[in-house]
Structure formats: structure tokens, C-alpha cells
Amino acid sequence: MVIAQFELYGISHILPLILTVVGAVLMVRLMRSDISEALKTRVRYVFGGLLIFAVLMDPVLAFMRWGTGEMGWEIFWNSTLPLYLCDVVSVVAALALFTRNYKLVEVAYLWGLAGTVQGLLTPTLAYDWNTLDYYNFFLQHSGVPIAAVTLVWGMGIAPRQGAFKRIVIWSWTYMAIVMGINFLIRQNYGFLSGKPDFPTMFDYMGDYPYYLITLQVIAFTFYYLLLKVAPRYEVGKI
């Protein structure tokens, strides 16, 4: 079977971008509507379940494509462990949808819009619309920004005082843990040990390891701006 290769900003890329915006608008309107809280809860749980499903499907799809031989296990170890930021924030966003915990919402909001959107705009994706990999990728990378917008603007769970400091600490913690794992297993999760082979925004951030500094400056700037535009937390509001 001939596998169509993904084209950056081709129709199979533009369409998910449009659907992401439409999905975010619809989810915000749904959560702000007068429908029953029971229905809203079911929607939240289904949405969160889909995000976790997308993360769990990565290794499954790798084994389906490459088998369980040497190649399949090599792909498993070097690309499907849930260590990319987008994997971590998918799980965090799902838990935030389940629990409505404001600290989880802060991470989902800031990592989802400052981080996962980058992966949505410049996907590290080789396969096109005629593969399950394509749909799973956009389920996750479109789902996270939609969840982030839904949590903050749809459900009204605003980041609280100290959110910037907390997210910086969480970002450094993530980088330290994943860089340590990369060193131990000799991989490049989070692209913290080298740039991806696909064209991405990393290409404009300098050489390794200096692009990690540029990355942090850009990320922290986006955190600051996203907190500025987020709804204000009201004292006494849950």
C-alpha cells in the first residue's frame, strides 16, 4: 500500500487547523450554555477519555505498522513513550477535565496553548489522511488546545495568583526529568537533546544547546501573555 506523505500546510494540514478553531468555539459555547450539568459532565469525561486514548494509541499504532520485531521495538523506545510535552499535557488536560482542579487547568492552559499549538502548526508527522496515525496525531494535538480553551473560557476556571511561577517550575521539572531519561536511554524525547528531523519552529531558535534557552524565553513570554488575556480569578470563586 502506498502511504501518502504529509504535506505541511497542505489541505490535510489546513483542515485540522480550521476544525481546531471551530471545535474550540463550539466547546466554549456548549460549556456556557444552559444544557444540564449532567450532559456537560459526560462531554467532559468523553473528551478527556479521548485525549488519554490518543496517548495510549501511539505505541499500538507503532506495533501495528512495524510489527513486534526489532524494528517495532526500536520505534517503540525512540518515539512512542509518553514523554513528549504534548503527551504529558494531554494527560494533564484530561485530568483537568475530569476534576476541574485549577492547578491542573493552569498547566493544561499554558502548556496546551504555548506548547502543543507549536506541534499543531509544524507537525512532526510523516503520514497523511489515509493512515490511523494521522487521525490520532490530530486528535491529540487539536484536542489539547480545545481542552485548554474549554477549561478556561468555557468552564471559567481562571489561573490563580502565582500561576506563572508554578508553570515555570513545572516546565523546568519536566525538562530536567526528560533530559535525564534521554541520557539514560539515549533518545530525544521532547526534542531536548537535539532538533527534530522535520521542519519546525526549532529551526529558527539557534543551534543545540542554545535553542533550549531560546525555547524557554519564548515559552515564558507566551505564558505571561496567556495569563494576561485569561479571565481574572475571583476571590472566593471555586
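Keep in mind that what you see is a predicted model, and the values were worked out from it rather than measured. (Residues numbered from 1 in each chain as written. Predicted model: local features only at pLDDT ≥ 70, side-chain atom pairs only at ≥ 80, totals over all residues. Heavy atoms only, no water.)

(A) Geometry of helix α2 (residues 37-66). With 30 residues, α2 ought to run about 44 Å at 1.5 Å a step, and its terminal C-alpha atoms sit 44 Å apart, in line with that. Met 57 marks the point of greatest bend in α2, at about 35°, and the proline Pro 59 comes within the next four residues. Among the residues of α2, those classed as buried are Lys 40, Arg 44, Phe 47, Gly 48, Leu 51, Ala 54, Val 55, Met 57, Pro 59, Leu 61 and Ala 62. As for α2, its buried residues are in contact with α1 (11-32), α3 (70-80), α4 (85-99) and α6 (132-154). Positive backbone phi, approximately 80°, marks Gly 67, located one or two places after α2. (Helix = DSSP H or I, 4+ residues; strand = E, 2+ residues; numbered from the N terminus. Expected span 1.5 Å × (residues − 1). Bend = angle between axes of the 7 residues up to and from the residue. Buried < 20%, exposed > 50% of the residue type's maximum accessible area, 1.4 Å probe, protein only. Contact = heavy atoms within 4.5 Å.)

(B) Broad picture of the packing of α2 against α3. Two elements in contact, α2 and α3, have axes separated by 9 Å at closest approach and are oriented at 150°. One finds that α2 runs roughly antiparallel with respect to α3. The two elements α2 and α3 meet at a crossing, and its hand is right-handed. Between α2, through Asp 58, Pro 59, Ala 62, Phe 63 and Trp 66, and α3, the contact on the second element is made entirely by Met 71, Gly 72, Trp 73, Ile 75, Phe 76 and Thr 80. Broken down by class, the residue content of the contact of α2 with α3 amounts to 8 nonpolar, 2 polar and 1 charged. (Axes fitted to C-alpha atoms, helices over the stretch in contact; angles between N-to-C directions. Parallel < 35°, antiparallel > 145°, perpendicular 65-115°, else oblique. Left-handed = near helix turned anticlockwise from the far one by under 90°. Nonpolar A, V, L, I, M, F, W, Y, C, P; charged D, E, K, R; others polar.)

(C) Highlighting the nonpolar core. Ranked by size, the top nonpolar core spans 52 residues in total, and within it Leu 51 and Tyr 223 carry the most contacts. Sorting the residues of this core by element identifies α1, α2, α4, α5 (102-121), α6, α7 (163-185) and α8 (210-229) as the ones contributing at least two each. The leading source of residues in this core is α5, at 8 residues. Apart from residues no more than four positions distant in its own chain, Leu 51 is found in contact with Ser 90, Ala 93, Ala 94, Leu 97, Leu 139, Gln 140, Gly 143, Val 144 and Ala 147. Listed in part, the 7 residues of the second largest apolar core include Phe 6, Leu 120, Leu 125 and Phe 137. (Core = buried A, V, L, I, M, F, W, Y, C linked by side-chain atoms within 4.5 Å.)

(D) Looking closely at the packing of aromatic side chains. By the definition in use, this model includes 20 aromatic pairs. Consider the rings of Trp 172 and Phe 220, whose centres lie 6.0 Å apart with planes at 70°: the pair is edge-to-face. Pair noted here: Trp 172 is in helix α7 and Phe 220 is in helix α8, with a separation of 48 residues, a long-range link. Plain terms: the ring middles of Tyr 208 and Tyr 211 are 5.9 Å apart, the flat faces sit at 55° to each other, and that makes the pair tilted. For Tyr 211, a relative accessible area of 0% puts it in the buried group. Within the aromatic cluster, the residues linked to one another by ring pairs are Tyr 84, Tyr 189, Phe 191, Phe 202, Tyr 208 and Tyr 211. The ring of Tyr 127 carries Arg 65 above its face, with NZ or CZ at 3.9 Å from the centroid. Cation over ring: Arg 160 sits above Tyr 102, and NZ or CZ is 3.9 Å from the ring centre. (Phe/Tyr/Trp six-rings, centres within 6.5 Å; stacked < 30°, edge-to-face > 60°. Lys NZ or Arg CZ within 6 Å of the ring centre and 35° of its normal.)

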